Amino acid sequence: MEKPEDLLLDIQHLHTAFRVGDDFYDAVDDVNLTLRKDEILAIVGESGSGKSTLATSIIGLHNPLNTKVTGDILYNNLNLVGLNEPIYNRIRGNDIGMIFQDPLAALNPLMRIGDQIAETLVYHTKMTKEQRDARVLELLAQVGIPNPQRTFRQYPHELSGGMRQRIVIAIAIACKPPIIIADEPTTALDVTIQAQILDLLRDIQKETHSGIILITHDLGVVAETADRVAVMYAGQMVELGTAQDVFAHPTHPYTRSLLRSMPQADADDDELHVIQGVVPSLKNMQMTGCRFAERIPWVPETAHEATPTMHEVGPDHFVQCTCYKTFHFQDEDATQSEG
Amino acid sequence: MWKTILRRFLVMIPQLILLSVLVFVLAKMMPGDPFTGMITPQTDPKQLDALRAAAGLNDPWWTQYFRWVGNLFQGDLGNSYAYRRPVTGLIGDRAVNTFWLALFTLVISYAISIPLGVIAGRFEDSNRDKAIQVYTFILLAVPSFVFLLFSLLIFGYILDWFPTSGYVSLNVDAGTPAYWLSRFQHILLPGLTAGLLSTSGTIQYLRAGVIDNTNEDFVRTARSKGVPERVVFSKHILRNSLLPIAAFMGNSITGLLGGSIYVETIFSYQGMGQLFISSIGTRDYSVITALTLLFGFLTLLGNLLSDIIMSIVDPRIRVE
Ligand SMILES: Nc1ncnc2c1ncn2[C@@H]1O[C@H](COP(=O)(O)OP(=O)(O)OP(=O)(O)O)[C@@H](O)[C@H]1O
Ligand SMILES: [Mg+2]
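As a convention, each chain's residues are numbered from 1 in the sequence order in which they are written. Chain labels run from A onward and ligand labels from 1 onward, assigned in the order the entries are written. A pLDDT threshold of at least 70 governs which residues receive local features in this predicted model, and a stricter bar of 80 or more applies before side-chain atom pairs are shown or counted, although totals over entire chains, interfaces and linings include all residues. Based on all heavy atoms of the structure, the side-chain values leave hydrogens and waters out of the count.

Student: I tried to follow the overall build of chain A on my own but got confused; where do I start?
Tutor: On a plain count of helices and strands, chain A comes out with 11 helices and 12 strands. Each principal axis of the C-alpha distribution contributes one length, and for chain A these read about 75 × 45 × 45 Å. Throughout, exposure labels follow a simple rule: accessible area from a 1.4 Å probe, protein chains only, divided by the maximum for the residue type, with under 20% read as buried, over 50% as exposed, and the rest as partly exposed. For chain A, the proportion of its 339 residues judged to be buried stands at 53%. We call two residues contacting when some pair of their heavy atoms lies within 4.5 Å. A separation threshold of at least 6 residues defines the contact pool for chain A, and within that pool the share at least 24 residues apart is 66%. Note on areas: Shrake-Rupley with a 1.4 Å probe; residue coverage comes only from the protein chains shown. Carbon and sulfur atoms provide 51% of the accessible area of chain A, an area that totals close to 15500 Å². Numbered from the N terminus, helices here are DSSP runs of H or I no shorter than four residues, and strands are runs of E no shorter than two.

Shown next, in the form of structure tokens:
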């Protein structure tokens, strides 16, 4: 089902641990994930579930002094885990483009926009200054900047948040990387601008046939944009499937809770279904058993696996732990017993 | 940018007027007047009164103020009775001496503090950083005159490596290479010591700036482009960290002028600071007044300079 030539990234048993005090704790715990050519893979999960940590591990930007990354991130027969810096620098920007959450902070306030975009080209191409400038103008037009000539010479503070995010995108796609990672690219923007930026990302994806990892906690964004969805909880991958499957047949209790917590305009009851509790902090994560168990205490302990594993519940659709089999929401239970 | 500078300059005018009024009032409040120094037991009080009237000292204060300002613009600040020469020329000579010492101090200060600040910030919590921290804390904790006195005692008197007073040797002819060499020798010890003493602020600022900027998102963006770490540091982290230092430079210069009072006095270096202290000792009021005015003016100028530097180096300040 997964043709090897379609594979862009093959992440296996990835662990990323941060130092807290004297010990290391896994913020990404045994994640297996692939990114294919020509797809948008969404990673969703609450704040603190390890999405950014996963993204940063792929591009190798964790501070080695307080972070340990183990496992494999395979890209073109190259293992990115533990890769030496000079080689990694040839991949960053060239093979993997990164888009960050906060466009206001992501650009150097002292550098002209044009120079910031051109900087990527300096280190990955043999272009002359004139060729680079021409390419930058082309990129500015591609990301929808109305007056490229003018913006080329402007500084970040002269642009709006939406425009700056377009610049960040231009930087990420400057070298036409096959992989683009966007970590909450629209969270800091207002709604109308969000839609424009997502459209832009989709257009770029169609044009370049790149694989995009789109990190978000907005399920609405996922439904509109993604081809496949990976749901993360407390550092682990709890459900993975095509967007269609995950939205039509959400299986893991966490995925179901997330979907139910989405405010729905057309819902007949205007009750907000919040998930009780919070994502545990690194130090407080259970080392064994199903990590979501503590937030669904009404589910009997026997429903969970002692060592949760991935179960295939449909073609290309995987779920962790066995608790999904008997899971129901508490109020569903109530209606059942009433009726 | 020129607009910003012009606007800042215009703002300075009322400040200057206020400064001149303050200094004038202070001068009037001081006991004595330009003729006090001429008084001898033989002086006829009537004759003195006539002299005072002729000099306009009995006019209303605003008339006197405008006359004083008028003279100021013609470069006439009265006479120093201790030195028996016009104040303008006296301060002019001293200002040149102070300028060279302050410039040398500034160069030494940045030459030491910028590398140390960068090392401390880049290698946060390393032993190098800790050593630099200890150094800055000692500088902050011990009063500067203690360092100045010890430096003079050890390197000037005991080791005898440097001249211990004056700004030039007496036995050299002005304008010859030997003369300039001698002047340089005379600013070496005070300049090195004062430069060293004024490093702690810059080191701390720069260290904090480097540490803060290292965690900035735009640095992460630069790394994600595949920019080598060496370039990330120099082009993104360092440039942004040097910004406040550059902006503070104008004020640092003012600070150095204030510090020159200690340095020049302890090293008996004939500059404005030393002149100020000695004039207070001899109650040479016209000199004190003129120097107060000058120091005030230079402080305002330092602020203006800071603003100008800021508007040059930081694009965000260049508002139209
Ligand atoms: N540098 C770090 N040092 C220590 N702990 C960290 C570090 N970065 C993240 N963490 C912890 O790792 C966990 C996962 O964080 P991460 O930022 O990956 O979550 P996220 O899913 O991206 O959340 P958000 O939606 O808020 O961006 C959190 O518990 C966080 O506190
Ligand atoms: Mg995040």
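Picking up after the structure, the text goes on.
Student: Before we go on, may I ask you to explain the overall build of chain B in this structure?
Tutor: What chain B contains, in helices and strands, is 12 helices and two strands. From first element to last, N terminus to C terminus, chain B shows the α and β order α-α-α-β-β-α-α-α-α-α-α-α-α-α. In terms of principal-axis extent, the alpha carbons of chain B reach across some 85 × 55 × 40 Å. Across the 320 residues in chain B, those meeting the buried criterion constitute 39%.

Student: I tried to follow the site of ligand 1 on my own but got confused; where do I start?
Tutor: All names here are of chain A. Only heavy atoms are used to decide nearness, and a residue is near a molecule or strand if one of them lies within 4 Å of it. Not every one of the 13 residues close to ligand 1 is listed here, only the nearest: Ser-47, Gly-48, Lys-51, Ser-52 and Thr-53. Nitrogen and oxygen atoms within 3.5 Å of one another constitute a polar contact, given that in protein one can donate a hydrogen and the other can accept it, and given that sequence-neighbouring residues count only through two side-chain atoms. Separating an oxygen atom of ligand 1 from a backbone N or O atom of Gly-50 is a distance of 3.1 Å. The protein chains hide 65% of the 630 Å² of surface that ligand 1 would expose on its own. Basically, the charged four are Asp, Glu, Lys and Arg, the nonpolar ten are Ala, Val, Leu, Ile, Met, Phe, Trp, Tyr, Cys and Pro, and anything else, Gly included, counts as polar. Looking at the shell around ligand 1 residue by residue, the classes come out as three nonpolar, seven polar and three charged.

Student: Hey, could you run me through the interface of chain B and chain A in this one?
Tutor: Buried accessible area, meaning the area lost when the parts come together, often serves as the stated size of an interface. Each side of the interface is counted separately: chain B has 22 residues, and chain A has 24 residues. Here's the idea: put two parts together, see how much 1.4 Å probe accessible area each one loses, and the total over both is what we call buried area. Taking both sides of the interface into account, the surface hidden between chain B and chain A amounts to around 2100 Å²; carbon and sulfur atoms contribute 59%. Area buried by chain B at its contact with chain A is led by Ser-224, Lys-225 and Pro-315 of chain B, which between them contribute 28% of it. By convention in these notes, a salt bridge is any Lys or Arg side-chain nitrogen within 4 Å of a carboxyl oxygen on Asp or Glu. At the boundary of chain B and chain A, one finds two salt bridges. Glu-119 of chain A is paired through a salt bridge with Lys-225 of chain B; the nearest N and O atoms lie 2.8 Å apart. Among the elements of the structure, helix 9 (217-224) and helix 10 (229-266) of chain B are those that each provide at least two residues to the side of chain B that touches chain A. Among the elements that take part in the side of chain B that touches chain A, helix 10 of chain B stands out by supplying seven residues, more than any other. Looking at side-chain class alone, the side of chain B that touches chain A contains seven nonpolar, five polar and 10 charged residues.

Student: Explain the packing of aromatic side chains to me, please; I cannot follow it from the model alone.
Tutor: Aromatic ring pairs are described here by two measures, namely the spacing of the ring centres and the angle between the planes. Each Phe, Tyr or Trp ring (for Trp, its six-membered ring) is paired with any other whose centre lies within 6.5 Å, and the angle between the two planes then decides the class: stacked below 30 degrees, edge-to-face above 60, tilted in between. This structure, assessed with the given rule, holds 15 aromatic pairs over all chains. Seen in terms of ring centroids, Phe-327 of chain A and Phe-329 of chain A are 5.1 Å apart; in terms of plane orientation they differ by 80°. Their pairing is edge-to-face. The buried category is assigned to Phe-329 of chain A, whose relative accessible area is 7%. Here Phe-276 of chain B and Phe-295 of chain B contribute two aromatic rings whose centre-to-centre distance is 5.8 Å and whose plane-to-plane angle is 80°, an arrangement assigned as edge-to-face. In this pair, Phe-276 of chain B sits in helix 11 (residues 272-282) while Phe-295 of chain B sits in helix 12 (residues 285-313), placing the two residues 19 residues apart along the sequence. On the basis of relative accessible area, Phe-295 of chain B is assigned to the buried category, the value being 14%.

Student: Hey, could you run me through the nonpolar core in this one?
Tutor: Proteins that are soluble and globular tend to have nonpolar side chains buried together. All names here are of chain A. By size, the foremost hydrophobic cluster in this structure holds 35 residues, and its most contacted members are Ile-99, Ile-117, Leu-140, Ile-167 and Ile-169. Looking at this core, the elements that each hand over two or more residues are helix 3 (113-124), helix 4 (129-142), helix 6 (161-173), strand 7 (179-183), helix 7 (191-208) and strand 8 (211-215). Among all residues touching Ile-117, those that are not within four sequence positions of it are Val-136, Leu-139, Leu-140, Ile-167, Ala-170, Ile-171 and Ala-174. As used in this record, nonpolar core signifies buried Ala, Val, Leu, Ile, Met, Phe, Trp, Tyr and Cys residues forming a set joined through side-chain atoms within 4.5 Å. In terms of nonpolar packing, the next biggest core, distinct from the first, is built from 33 residues, Tyr-88, Ile-179, Ile-215 and Leu-240 among them.

Student: Where do I start with the layout of surface pockets in this structure?
Tutor: Where empty space is left becomes clear once a probe the size of a water molecule has been rolled over the atoms. A pocket here means an open set of points on a 1 Å grid, computed over the protein atoms alone, that has protein on both sides within 12 Å along at least five of seven lines. A cavity is instead a set of points where a 1.4 Å probe fits but cannot get out; residues with an atom within 4 Å of a point line either one. Grid points are joined across faces, edges and corners, and a volume is the space filled by probe spheres set on the points. In this model, the largest pocket occupies a volume close to 1600 Å³. What lines the largest pocket is a set of 43 residues, and nearest its centre among them are Leu-61, His-62, Asn-63 and Pro-64 of chain A together with Arg-223 of chain B. Those elements that provide at least two residues to the lining of the largest pocket are helix 1 (51-59), strand 4 (67-75) and helix 2 (85-91) of chain A together with helix 4 (87-122), helix 8 (200-214), helix 9 and helix 10 of chain B. Considering every element that reaches the lining of the largest pocket, the biggest residue donor is strand 4 of chain A, with four residues. Taken together, the residues that form the lining of the largest pocket break down as 17 nonpolar, 14 polar and 12 charged.

Student: It is not clear to me how the side chain of His-304 of chain A should be interpreted in this structure. Could you clarify?
Tutor: If you trace the backbone, His-304 of chain A turns up in the loop between helix 10 (253-260) and strand 11 (310-314). Excluding residues within four positions of it along the chain, His-304 of chain A makes contact with Cys-290, Ala-293, Ile-296, Val-299, Cys-321, Thr-322 and Cys-323 of chain A.

Student: Help me understand helix 6 of chain A, please; the structure alone is not making it clear to me.
Tutor: Residues that lie three or four places apart on an α-helix share one face, since the helix turns once every 3.6 residues. Residues and elements named next belong to chain A. Helix span is expected to be 1.5 Å times the residue number reduced by one. An ideal rise of 1.5 Å per residue puts 18 Å on 13 residues; helix 6 measures up with 19 Å between its terminal C-alpha atoms. Taken across its 13 residues, helix 6 has 11 buried, putting it largely inside the fold. Listed in full, the buried residues belonging to helix 6 are Gly-162, Arg-164, Gln-165, Arg-166, Ile-167, Val-168, Ile-169, Ala-170, Ile-171, Ala-172 and Ile-173.

Student: What is the right way to read the environment of Leu-219 of chain A from this model?
Tutor: Tracing the chain through its elements places Leu-219 of chain A in helix 8 (residues 219-225). As a C-alpha pair, Leu-219 of chain A and Ala-243 of chain A span 24 residues in sequence and 10 Å in three-dimensional space.

Student: Even after reading the chapter, I still don't get the sheet that holds strand 12 (residues 317-320) of chain A, so can you show me in this structure?
Tutor: Two modes of strand pairing occur in sheets, parallel and antiparallel, and in both the strands are linked by backbone hydrogen bonds. All names here are of chain A. Here, any two strands with at least 2 DSSP bridges between them count as paired. If you trace the eight strands from one edge of the open sheet to the other, you get 6-7-8-3-9-10-12-11, paired in mixed fashion. Each end of this open sheet is capped by a strand with a single partner; those strands are strand 6 (96-99) and strand 11. Averaged over all neighbouring strand pairs, the angle between strand axes comes to 20°, with direction disregarded. Pairing of strand 6 with strand 7 involves four bridges; the strand directions are parallel. Across the sheet, Gly-97 pairs through a bridge with Ile-180, a residue of strand 7. Geometry is summarised by axes, namely lines fitted to C-alpha atoms with helices restricted to the contacting stretch, and by angles between N-to-C directions that run from 0 to 180 degrees. Packing against the sheet, helix 10 makes contact with strand 9 (228-233) and strand 10 (236-242), and its axis sits at approximately 100° to strand 9.

Student: Just to check I follow, could you spell out unusual backbone geometry for this structure?
Tutor: Peptide bonds are mostly trans, and most non-glycine residues show a negative phi. Residue and element names in this part refer to chain A. A positive phi angle, close to 65°, is found at Asp-38, a residue other than glycine. Mapped onto the fold, Asp-38 is located in the loop between strand 2 (23-36) and strand 3 (40-44). A positive phi angle, close to 65°, is found at Asn-77, a residue other than glycine. With respect to the helices and strands, the residue Asn-77 is situated in the loop between strand 4 and strand 5 (78-79).

Student: Help me understand the pattern of salt bridges in this model?
Tutor: Between side chains of opposite charge, a pair can form when the charged atoms approach closely. Residues and elements named next belong to chain A. Taken as a whole, this structure holds 16 salt bridges over all chains when the rule is applied. A salt bridge links Asp-29 to Arg-291, with the shortest nitrogen-to-oxygen separation between them at 2.7 Å. Here Asp-29, found in strand 2, pairs with Arg-291, found in the loop between helix 10 and strand 11; they are 262 residues apart in sequence, far enough to count as distant. With respect to class, Asp-29 is no different from Arg-291; both count as buried.

Student: What is the right way to read the environment of Tyr-233 of chain A from this model?
Tutor: Residues and elements named next belong to chain A. Residue position: Tyr-233 is located in strand 9. For the pair Tyr-233 and Ile-43, spaced 190 residues apart in sequence, the C-alpha separation works out to 10 Å. Setting aside residues no more than four positions away along its own chain, Tyr-233 makes contact with Glu-46, Ser-49, Val-238, Tyr-254, Val-278, Val-279, Pro-280, Arg-291, Phe-292 and Arg-295. In terms of polar contacts, Tyr-233 uses its side chain to reach the side chain of Arg-295, at 3.3 Å.

Keep in mind these values describe shape, not function.
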